[in-house]
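Letter by letter, the chains look like this.
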Amino acid sequence: MSKFAYGALFAVVLPAALAAWAMRLDRLVSPAEAGAPLPPVIGWAIAIGGALLMLAGTAALRRYGNGWPMSPYPPARRVSRGAYAVVSHPIYLGAVLVAAGVSVAMRSAAGLWIVTPVLILSCVAFVVGYERDATIERFGRPVEQPLLRFPAADDAHAVVADRLSIYLLVLLPWLIGFYSANAINAGAAARSGWSGIDTFVPIVPWTELIYILDYPLVLAVPLLLRTRRQLRDFAIDGWVAIVSVTIFYLAVPIVVVPREAPAGSIFTTLMIWERRFDTPATAFPAFHVIWAAIAAVACSRALPRLRIFWWTLASAISVSCLTTGMHAIDDVLAGIVASALILSSRRMARLLLDGAERLANSWREWDLGFVRLMSHGLYAALGSFLGILIVSILTGEPAAAVLVGVSIIVGAGLWAQFIEGSPQLLRPFGYFGGVIGCCVAIPFTPHPWLMLAAYAVAAPVIQACGRCRCLVQGCCHGRPTSEAIGIRYRHPRSRVTRLSQLASQPLHATQLYSIAWNAIVLILLLRLWLSGAPLTFIAGSYLILEGLGRFVEEHFRGEPQTKIVAGLRWYKWLSIGSVIVGAILTTLGNTPPPPISGMDPLAFLLAAGFGVLTYLAYGVDFPRLNVRFARLV
């Protein structure tokens, strides 16, 4: 009976809930111009293919593993045959294809652009945040790899499956993301990327032959690279580009309509044909330049003697973006800058980790006898100051913003005391308590939905600053990991050294992971606000995105006091609840945000005052008192 109920939850209840969510959102927020880009028959074909893949995955688990696709009833053996010989997660992939296909077939813009991406993120969060490590713990690391896989980090010769995987796991997702961003941006209030100086760049039709070389160059890279490590490096660079640039496209809509192709040239027909496949809403930065640079680096690793040739070709392609009239000068310059950042992403990540480690060991305190001041409280104070300022600007109600802010601090403190309650933690603060405190106070403000949405936009800034405090204090720390991606806590005041046996061990920089995710959430929520999305949709989107991010973050955390409930950390269940509540919240209204007003001096003064109050709560204690809430250390 329990298996039947669990299966019905995911086979019947969840699909029905997703369908209902999509239908409701279609009536509230879906722009008509962002509808399904393919004919319904293609959608049904995609959906049927996804359903067959799910059935094949389930059949493989039953036949070869004697189990079910249910976490409480896992297979007895690792399955690497049938559908699992092709892809690691056929059931999740099939579910995504069904969602996308049905959305296309039913012409549901919300299903395609909102529900399906949330489903994708949810599947990724569950695999990364639970299932992958749970499977390794049960069966050990896999011996056989599926046909489609991320190439291994070794110097073995790349085989056909490694090369095919690059096309299907890197280049195909880029194509889907590229055209999806264009479809979403098509109806946005975008500005033109052209400037007056672009008129001085001549159109040279024959350079279309150089411009179009970018496509065969990128397609040839998986065939030219020799080792798995080279393919893996290319895949990493590609995915960094896909994620970062797509987010930028969504956040900053800039349209660059190609300049008119000159008549009378034998290359004009080729130019017009090629432009049919281009997208003016995804031109800044120029992905043409970015892919040329990524390809040049990859080919230079495999064929170093031809390094000058590869970079000359990449440079010529970049220049041709201008001489064909396809891109503005700003597009190309932005593409060059983006390429440099993307190709340096691993070095930048290491610099960020080194900076996080220095911050984690930067504790300073000033004992004045009765009162003690601590440096880490300044980060919480900064977050509160910026948060109140943002909310005040978005709502024009600084006093109400402070009222909610006080309730957040009280809620966070009470949550940590009575939910996590530990005499060792003294005066801690809990995120979910802050959320509850926010929800308690907001109904007493003049415009509750406006205040809730504004706090949703401000929350990623507040949390990012707060995570800097967590680094110094040692709370929310990660579990042990490899030297390459870990940071070490050595300061004797850090909770890592005082409350665990993890001092001087490389740990996951979970606070840094949270900061990075909150930066992405902030960008998306600001775009929603500026695009006029409903207030409830903005607030709900925050809860969805924050819940998904917290689920993954919690998996890498290593705090010993966190409770385990039904196989999952307590905060993972709360994260799941956050996603569900967020989805419901997105459907509750269609009131858009008001225009953003300027900042008045009162808002600045109240924000500064609240920052001081926050510092008193998070950075000042009374070391010689033994009453509750007196001490932070």
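Please refer to the structure placed before this passage.
Residues numbered from 1 in each chain as written. Predicted model: local features only at pLDDT ≥ 70, side-chain atom pairs only at ≥ 80, totals over all residues. Heavy atoms only, no water.

1. Concerning the overall build of the chain
Definition in use: Secondary structure elements follow DSSP: runs of H or I no shorter than four residues count as helices, runs of E no shorter than two count as strands, and numbering proceeds from the N terminus. The reference for a compact globule is 2.2 Å times residues^0.38; the radius of gyration itself is calculated from the C-alpha atoms. Two residues form a contact once any of their heavy atoms are found within 4.5 Å. Only four residue types enter the tally: Lys and Arg on the positive side, Asp and Glu on the negative side, with His and both chain ends excluded. Taken as the charge centre is NZ of Lys, CZ of Arg, CG of Asp or CD of Glu, depending on the residue.
Across its full length, the chain carries 22 helices and nine strands. Taking 26 Å as the expected radius of gyration for a compact globule of 633 residues, we find that the chain reaches 26 Å, a close match to that expectation. Principal-axis analysis of the C-alpha atoms gives the chain an extent of 85 × 65 × 55 Å. In the chain, the proportion of contacts linking residues at least 24 apart, taken out of those at least 6 apart, comes to 78%. Separation of charge centres in the chain, based on 49 positive and 32 negative side chains, amounts to 9 Å.

2. What about the environment of Leu-52?
As a reminder, the rule being used: To sort residues, take the accessible area from a 1.4 Å probe on protein chains only and compare it with the maximum for the residue type: under 20% means buried, over 50% means exposed, and anything in between is partly exposed.
With respect to the helices and strands, the residue Leu-52 is situated in helix H2 (residues 40-65). Residue class for Leu-52 comes out exposed when judged on its relative accessible area of 52%.

3. What about the side chain of Ser-494?
Here Ser-494 is to be found in the loop between strand E5 (486-487) and helix H18 (495-499). Judged by its relative accessible area of 1%, Ser-494 falls in the buried class. Residues within four places of Ser-494 in sequence aside, it is in contact with Gln-473, Gly-474 and Tyr-489.

4. Some details on the sheet that holds strand E4 (residues 372-374)
Stated precisely, the cut-off is as follows: Here, a strand pair is defined by DSSP locating no fewer than two bridges between the strands.
Reading across from one edge, E3-E4-E9 is the order of the three strands in this open sheet, with antiparallel pairing throughout. Only two strands of the sheet have a single partner each, and these edge strands are strand E3 (365-367) and strand E9 (620-621).

5. Focus on a nonpolar patch on the surface
We apply this condition: Patch membership requires over 30% relative accessible area and the absence of a salt bridge. Like charges are linked within 9 Å, and nonpolar side chains (Val, Leu, Ile, Met, Phe, Trp, Tyr) within 5 Å. What sets the accessible areas is the Shrake-Rupley method with a 1.4 Å probe; for residues, cover comes only from the shown protein chains. Salt bridges are defined as contacts in which a side-chain nitrogen from Lys or Arg sits within 4 Å of a carboxyl oxygen from Asp or Glu.
A surface patch of nonpolar side chains, about 840 Å² in accessible area, is lined by Val-86, Leu-147, Leu-164, Leu-168, Leu-172, Leu-175, Ile-176, Tyr-179, Trp-273 and Phe-277. Looking at which element gives the most residues to the nonpolar patch, the answer is helix H5 (residues 160-185), with six residues. Tracing the backbone shows Leu-175 in helix H5. Judged by its relative accessible area of 38%, Leu-175 is partly exposed.

6. Observations concerning the side chain of Gln-511
Tracing the sequence through the fold places Gln-511 in helix H19 (residues 510-530). Its relative accessible area of 0% is what places Gln-511 among the buried residues. Sequence-distant contacts of Gln-511, that is, excluding residues within four places in its chain, are made with Arg-467, Cys-470, Leu-471, Cys-475, Cys-476, His-477 and Tyr-489.

7. Describing the environment of Lys-572
Spelled out, the test is: Pairs of N or O atoms are called polar contacts if they sit within 3.5 Å, as long as, within protein, a hydrogen donor faces a hydrogen acceptor (for residues adjacent in sequence, only side-chain-to-side-chain pairs).
As for its placement among the helices and strands, Lys-572 is situated in helix H21 (residues 570-585). Between the C-alpha atoms of Lys-572 and Tyr-618, which are 46 residues apart in sequence, the distance is 25 Å. Residues contacting Lys-572, with those up to four places away along its chain left out, are Gly-129, Tyr-130, Phe-551, Glu-554 and His-555. A polar contact is formed between the side chain of Lys-572 and the backbone oxygen of Gly-129, at a distance of 2.3 Å.

8. Topic: the nonpolar core
Heads up, the condition is: Here, nonpolar core refers to any group of buried Ala, Val, Leu, Ile, Met, Phe, Trp, Tyr and Cys residues whose side-chain atoms link them within 4.5 Å.
Counting 55 residues, the largest nonpolar core has Trp-21, Met-451, Tyr-455 and Trp-529 as the members making the most contacts within it. Top element by residues in this core is helix H17 (residues 448-473). It accounts for ten residues. In this structure, Ala-158, Trp-291, Ala-292 and Val-297 belong to the second largest nonpolar core, which totals 39 residues.

9. A short note on the packing of aromatic side chains
Applied cut-off: To pair, rings of Phe, Tyr and Trp, with the six-membered ring standing in for Trp, must have centres within 6.5 Å; the planes then decide the type, stacked if under 30 degrees apart, edge-to-face if over 60, and tilted in the middle. Geometrically, a lysine NZ or arginine CZ counts as sitting over a ring once it is within 6 Å of the ring centre and also within 35 degrees of the ring normal.
Applying the stated criterion across every chain yields a total of 19 aromatic pairs. Judged by centre distance (5.5 Å) and plane angle (90°), the ring pair of Phe-178 and Tyr-179 falls under edge-to-face. Relative to Phe-556, the ring of Tyr-513 lies with its centre 6.1 Å away and its plane at 85°, an arrangement referred to as edge-to-face. Of this pair, Tyr-513 sits in helix H19 while Phe-556 sits in helix H20 (residues 535-556), placing them 43 residues apart in sequence. Residue Phe-556 is classed as buried on the basis of its relative accessible area of 12%. Ring pairs connect the aromatic residues Trp-174, Phe-178, Tyr-179, Phe-234, Tyr-249, Phe-287 and Trp-291, which therefore count as one cluster. Arg-550 extends its terminal NZ or CZ atom over the ring of Tyr-571, reaching a point 4.9 Å from the ring centre. The ring of Phe-551 carries the charged tip of Lys-572 above its face, separated from the ring centre by 5.0 Å.

10. Here we look at the environment of Thr-562
Looking at where Thr-562 falls in the secondary structure, it is placed in the loop between H20 and strand E7 (564-565). What makes Thr-562 buried here is its relative accessible area of 12%. Once the C-alpha coordinates of Thr-562 and Ala-161 are considered, the two residues, 401 residues apart in sequence, prove to be 42 Å apart. Ignoring any residue separated from it by four or fewer positions in sequence, one finds Thr-562 in contact with Glu-554, Arg-569, Trp-570 and Tyr-571.

11. Regarding the packing of helix H4 (residues 109-139) against H20
Operational definition: Between the N-to-C directions of two axes lies an angle of 0 to 180 degrees, each axis being a line fitted to C-alpha atoms and, for a helix, fitted only over the stretch in contact. Between 65 and 115 degrees an angle is taken as roughly perpendicular, under 35 as roughly parallel, over 145 as roughly antiparallel, and anywhere else as oblique. Crossing handedness follows the turn of the near helix against the far one: under a right angle anticlockwise gives a left-handed crossing, and clockwise gives a right-handed one. Asp, Glu, Lys and Arg are counted as charged, while Ala, Val, Leu, Ile, Met, Phe, Trp, Tyr, Cys and Pro are counted as nonpolar; the rest, among them Gly, fall into the polar class.
Two elements in contact, H4 and H20, have axes separated by 8 Å at closest approach and are oriented at 20°. As judged from the angle between their axes, H4 and H20 are roughly parallel. The crossing of H4 and H20 is left-handed. Touching Ile-114, Val-118, Leu-121, Ser-122, Ala-125, Phe-126, Val-128, Gly-129, Tyr-130, Arg-132 and Asp-133 of H4 are Phe-537, Ile-544, Leu-545, Leu-548, Phe-551, Val-552, His-555 and Phe-556, all from H20. Looking at the contact of H4 with H20, its residues break down into 14 nonpolar, three polar and two charged.

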